[in-house]
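Observations on chain architecture
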Amino acid sequence: MTAQVTSLKYRNTTLHQDAQPAAALSNRYLAVRHASTALSEGLSAEDCALQSMPDASPIKWHLAHTSWFFETFVLEQAVPGYRHFHPQYRVLFNSYYVTVGERHPRAERGLVSRPGLDDILCYREHVDGAMQALLRDVDALSQAMQALIELGLNHEQQHQELMLTDLKHLFSRNPLQPAYREASARVTGASVPAIQWHDYAGGQHRIGHASDSFAFDNELPSHRVFLERYALGSRLVTNGEYRSFIEDGGYMRADLWLSDGWDAVQAQRWQAPLYWQQQSQNWQVFTLSGTEEINPAEPVCHVSYYESDAYARWAGARLPTEFEWEAAAASLPAEGNLVERGALRPLAVADRQADHPQQMFGDVWEWTSSSYAPYPGYRTAPGAVGEYNGKFMVNQYVLRGGSFATPQSHIRSSYRNFFPAPARWQFMGIRLARD
Ligand SMILES: [Fe+2]
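Read on for an overview of the structure.

Conventions and cut-offs
Residues numbered from 1 in each chain as written. Predicted model: local features only at pLDDT ≥ 70, side-chain atom pairs only at ≥ 80, totals over all residues. Heavy atoms only, no water. Salt bridge = Lys/Arg side-chain N within 4 Å of Asp/Glu carboxyl O. Helix = DSSP H or I, 4+ residues; strand = E, 2+ residues; numbered from the N terminus. Buried < 20%, exposed > 50% of the residue type's maximum accessible area, 1.4 Å probe, protein only. Axes fitted to C-alpha atoms, helices over the stretch in contact; angles between N-to-C directions. Parallel < 35°, antiparallel > 145°, perpendicular 65-115°, else oblique. Contact = heavy atoms within 4.5 Å. Nonpolar A, V, L, I, M, F, W, Y, C, P; charged D, E, K, R; others polar.

Here we look at the pattern of salt bridges
Oppositely charged side chains can pair when the atoms bearing their charge come close. This structure, assessed with the given rule, holds 20 salt bridges. For Arg431, the salt bridge goes to Glu366, with nearest N and O atoms at 2.7 Å. Pair noted here: Arg431 is in the loop between strand E11 (428-429) and strand E12 (433-434) and Glu366 is in strand E8 (residues 365-371), with a separation of 65 residues, a long-range link. Here Glu366 falls in the buried class, since its relative accessible area comes to 0%. Between Lys391 and Glu387 there is a salt bridge, with the nearest N and O atoms lying 2.6 Å from each other. Judged by its relative accessible area of 9%, Glu387 falls in the buried class. Each of Arg33, Arg124, Asp128 and Glu156 takes part in one network of salt bridges that share partners.

Description of the environment of Pro193
Residue placement: Pro193 occurs in the loop between helix H7 (143-172) and strand E1 (197-200). Overall, Pro193 belongs to the partly exposed group, its relative accessible area being 29%.

Digging into the packing of helix H8 (residues 239-247) against helix H10 (residues 305-314)
At a closest axis distance of 11 Å, the pairing of H8 and H10 adopts a crossing angle of 80°. On the basis of their axis angle, the class for H8 and H10 is roughly perpendicular. Counting all contacts with H8, which are made through Glu241, Tyr242, Ser244 and Phe245, the residues of H10 involved are Glu307, Ala310, Tyr311 and Trp314. Its residues assigned to classes, the contact of H8 with H10 comprises five nonpolar, one polar and two charged.

As structure tokens, this is what we get:
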């Protein structure tokens, strides 16, 4: 993404959920904050300081910026006389909130050697101490302030996924091809059943978030959409299938590509997904667990919208719209290969006889053919947090379903992720649809 990766999404100022017991919100705060630092365990200060490209941020920056969010949007407002950890951090770790004030340039986040990682961990402790004091009496907080805290936790979960995407890109640029961690789950089978088609009758469907639980504002309001009859693929497109596309000259056939996509293929000299490397007749791929042979049964990952669209055309299919995807996912449990499983990669499909599409949640974010646009009746919130989502609703496509790096408590069927069509470094893949 350009801006949106660090952008992430925001919801309404009104708290949609039932008032939480004080201990519940406090415990959730601690759990989410701990999950961020847990992701950085085992990394050196140097690992956490570097920035491999303008779209990716240093781990240290993610750890600081998520703290900045609580400091700026919660503590400054809710704690009279709040003492900032460092007065210059307000600018240094502001991502894109123009309303808040000056921002350090995005492309220069990797040049900030000081504050060091230890300083940033102290910053986190400072913010956590103030937040825990505040959360001792949740009932004294306004509904709007409780909503901002909930937003801050969901914001931090988004950055947890970005920590893994950005770290993977950083390590991929290191000639030593270091491994982040050994994966805790591995499916080594090399084959999966052919894609089956699940038919949906179409008609009127309710789209968007409709319950009292948390949602970002871009999932609102809930509204009706009419769908024609359609079918969804029973599983994600695999590495093996995508390799067949490559071997069939997929990257050399202009007729398969959107015009902008064909231009990107020429300009970027794309010949395969990001992180694929050809070794004589074989393809290797760089993963969070190091470099290895591609597993043809695993879902293909790190493809742009352009590549996903071209693959679908080659396969005689198309990408689903975000509404087709949501209508099919709404009745399914939001479970799958998510970050808690520790797989650190998309996994080959497990259930071969299911009566509904598999891998809808987790594994890889699924490109849809839907432009990222406001739902009917969408309004941005007043103030700085109104910048969270709405201003990025141009020149991007919606992705659905989460990835192996998404926290379980963070994903749902109405969740809308979004990236520009050329983006590849997020954990993004392909599900086919057809009329
Ligand atoms: Fe952010």
